[in-house]
Amino acid sequence: MTRAVVVPASALVGRPPDIDMTSELGSLVMPSPVLTASGCAASGRELDQFFDITSLGAVVTKSIMMQPRSGRPTPRMAETPSGMLNSIGLQGPGVHSFLEHDLAWLRERGARVVVSIAGNTVEEYTQLAKLLRMYDGIDAIEVNISCPNVADRGQVFACRADTASSVVGMVRRNTDPRIPVLVKLSPDVTDIATIAVACERSGADGISLINTLLGMVIDTATMRPALAGVTGGLSGPAIRPVAVRCVWQVREVLPDIPILGMGGIRTGEDALEFILAGANAVCVGTAIFNDPSAPARVHSELASALAERGFARLADAVSYAHRREPGMPDPVDLAPEEPAADDSGPLDATDGVADAVADGAPADPDPGA
Amino acid sequence: MPVQVRSEVVSTRRAGIYHVLTLTADGVPETTRPGHFVGVAIGDMTSGLLLRRAFSIYGVQQRGIYGGTVDIVVAATGPGTRWLAQRHRGDQVELVGPLGRPFMLPREPVSCTLVGGGYGSAPLFMLAEQLRQRGCRVDMILGASTEEKLFGVLEGKRAASTVTITTEDGSLGETGRVTDALPEVMERAGSEVVYACGPMGMLASVAEVAAERGAYSQCAVEEAMACGIGVCMSCVLPVIGNDGVTRMVRSCVEGPVFQGDRVRWADIGTIPPDTLGAPEAAKRDGVAGSVAGVSS
């Protein structure tokens, strides 16, 4: 097989840094913290032409639904400043075709697989979970309750704590206990931390942050909406600060939950922002459209960025931006309104950081090193 | 298999309102066939324009002094293509290719008519050469709204037995559209296959004229793409499969070349109700268990 031969700049500077890039999302242990974002890599086959997809943390598949789905009419895409708007509408072949063709291929190829599932109803999510339970080769499930391109777009499940919880609870109950269930949340909510806490209480093993932001473009030539679907999901580097903020806020209230961070990651330093904000692993999405080998490049750039800052292990950098310096006043807004369901008492964001430092993060990393 | 290459601009030249760029592209020419395209990234890693621009491959050179190169034709119509048109010799761009499914070539030395609208003619010259190598008669029709939007008139005269030019304003050749000239050209040449590349409306008409005359048509579509490699699902159009079922099909990997009678030209921009997985069909058949559950 012919593969792309773009050499990352970091590789030209010296030998690849010897960093332990192991990343864990609950029971899913991966040699890389870089995954593909759902909907940006199909089922991995196309990208395997450009880099070895088995080197990824995992392939996160395009969201699978029970039935084949045509998606929305074209135009489905509009370029925006440092981003894009899409209204694909979850086009897909349906779960049976996915299992027969895509999952079978991913297994044969030896890739780790996170299957993203989407449904119109709680019942459809439940059915999907029950069906997937019968198949091997699924390393985790990501529950997409936040796609803005669904018929009832004002009412995506992720917009309310109760609806989000009911989907997560049903998927968790119907999934093999050994398989982590991640839930992908929308940033288009008043308080994402509240939704995340509700999902965690309903059994979510991890939180994926974030899905696209609902947006709109008017074509000034036709003087009509640019997308046939009128509104669409905004992605790309333009939304990165929103995504980093969401990861930060959820990490503050859930110090221990695995977080899969995504939203506009294009470089290793972008990925590092998410890791420092509290993500255990990251997804590369829209950047793939710009650079099909972006996930592999982001991995090596992230390793270099960690090495430059004196980290020997990726895990030591997780949530590092939350650390308290001695003598610093406590931020006033850290404590959540109500305690979390677990019995660890009022949450304190410094706990995880203290552990991380004790585990060997550098006390005083030298950015110039 | 496509490759991703850091490319250098070898040369640029103007052709009417278009810019022809020759780019180094090691590993691309060897597997390029007529109808393939390349995806070019706009700017560097700091660029705010993320989406790749797709260009038909106009020509390739396998082993020149620059190694393998590809030629593309750029119409500077937006910020991305303007950036590309402003590149100079020695500048870096990044490209992926060859992409897509190329034109299918006839096994027999049949007569072929090639139809290009505007710079949609770009892939037809390489195609003409390969058809002639197979002993096919090649006739060409090049059309545009006006003379300066034509591409490759002189080259067409070298590549084809006859070249018919049409412009809508009559500034060069016959006044009218390519499809006005198509029946007569096909008649004169006894064409059994029509190849076309250009705007959707033109392709729809070409496919119709070809079908009326019992000819086979191969149309390369120009659909807006985001990734060009089959992962984003932006560039879909309704196409009838071998099983008679209409699906929303990606023009970047299942196209850009389609059999003209398989594309539902009039339905582009819609989801025909009988498409696999269409919302109407879903409503009629019902998603199992969709009554229960949370709806608000």
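These figures come from a predicted structure and were not determined experimentally. (Residues numbered from 1 in each chain as written. Chains lettered and ligands numbered in written order. Predicted model: local features only at pLDDT ≥ 70, side-chain atom pairs only at ≥ 80, totals over all residues.)

## Observations concerning the overall build of chain A
And step 1. Helices and strands together make up the secondary structure of chain A, namely eleven helices and 16 strands.
And step 2. Taking all 369 residues of chain A together, the buried fraction comes to 60%.
And step 3. The long-range share in chain A, meaning contacts at least 24 apart out of those at least 6 apart in sequence, stands at 73%. (Helix = DSSP H or I, 4+ residues; strand = E, 2+ residues; numbered from the N terminus. Buried ≥ 20, exposed ≤ 12 C-beta atoms within 10 Å, placed from the backbone. Contact = placed C-beta atoms within 7 Å.)

## Observations concerning the interface of chain A and chain B
And step 1. Taken residue by residue, the interface counts 52 residues in chain A and 41 residues in chain B.
And step 2. The dominant element in the side of chain A that touches chain B, judged by the number of residues it contributes, is helix H3 (residues 122-132) of chain A, at four residues.
And step 3. In terms of residue class, the side of chain A that touches chain B is made up of 23 nonpolar, 21 polar and eight charged. (Nonpolar A, V, L, I, M, F, W, Y, C, P; charged D, E, K, R; others polar.)

## Observations concerning the pairing of strand S4 (residues 53-56) of chain B
Residues and elements named next belong to chain B.
And step 1. Judged by which residues are buried, S4 turns out to be covered on both faces: Arg53 and Phe55 on one side and Ala54 and Ser56 on the other are all buried.
And step 2. As paired strands, strand S3 (residues 37-41) and S4 are joined by four bridges and run antiparallel to one another. Residue pairing in the sheet places valine 40 in a bridge with arginine 53 of S4. (Pairing = 2+ DSSP bridges.)

## Regarding the domain arrangement of chain B
Residues and elements named next belong to chain B.
And step 1. Here the domain parsing of chain B yields domain 1 (3-99), domain 2 (101-220) and domain 3 (225-281).
And step 2. Contact residues are listed per partner, giving eight residues for domain 1 and eight residues for domain 3.
And step 3. Breaking the side of domain 1 that touches domain 3 down by element, the ones donating at least two residues are S3 and strand S7 (92-99).
And step 4. Within the side of domain 1 that touches domain 3, the residues separate by chemical class into five nonpolar, two polar and one charged. (Domains from an automatic or database assignment.)

## Observations regarding helix H7 (residues 268-277) of chain A
Residues and elements named next belong to chain A.
And step 1. Where burial is concerned, most of H7 is hidden: nine out of the ten residues are buried.
And step 2. Every buried residue of H7 is accounted for by Gly268, Asp270, Ala271, Leu272, Glu273, Phe274, Ile275, Leu276 and Ala277.
And step 3. Just past H7, the residue glycine 278 takes up positive phi, approximately 135 degrees.

## Some points on the sheet that holds strand S11 (residues 174-175) of chain B
All names here are of chain B.
And step 1. Pairing within the open sheet is mixed, and its seven strands lie in the order S11-S10-S9-S8-S12-S13-S16. Two strands bound the open sheet, and with one partner strand each, they are S11 and strand S16 (257-259).
And step 2. Across two bridges, strand S10 (residues 162-167) lies against S11 in parallel orientation. Looking at S11, one finds that threonine 167 is bridged to threonine 175.
And step 3. Lying on the sheet, helix H5 (residues 200-212) is in contact with strand S8 (111-117), strand S12 (193-197) and strand S13 (216-220); it crosses S13 at an angle near 170 degrees. (Axes fitted to C-alpha atoms, helices over the stretch in contact; angles between N-to-C directions.)

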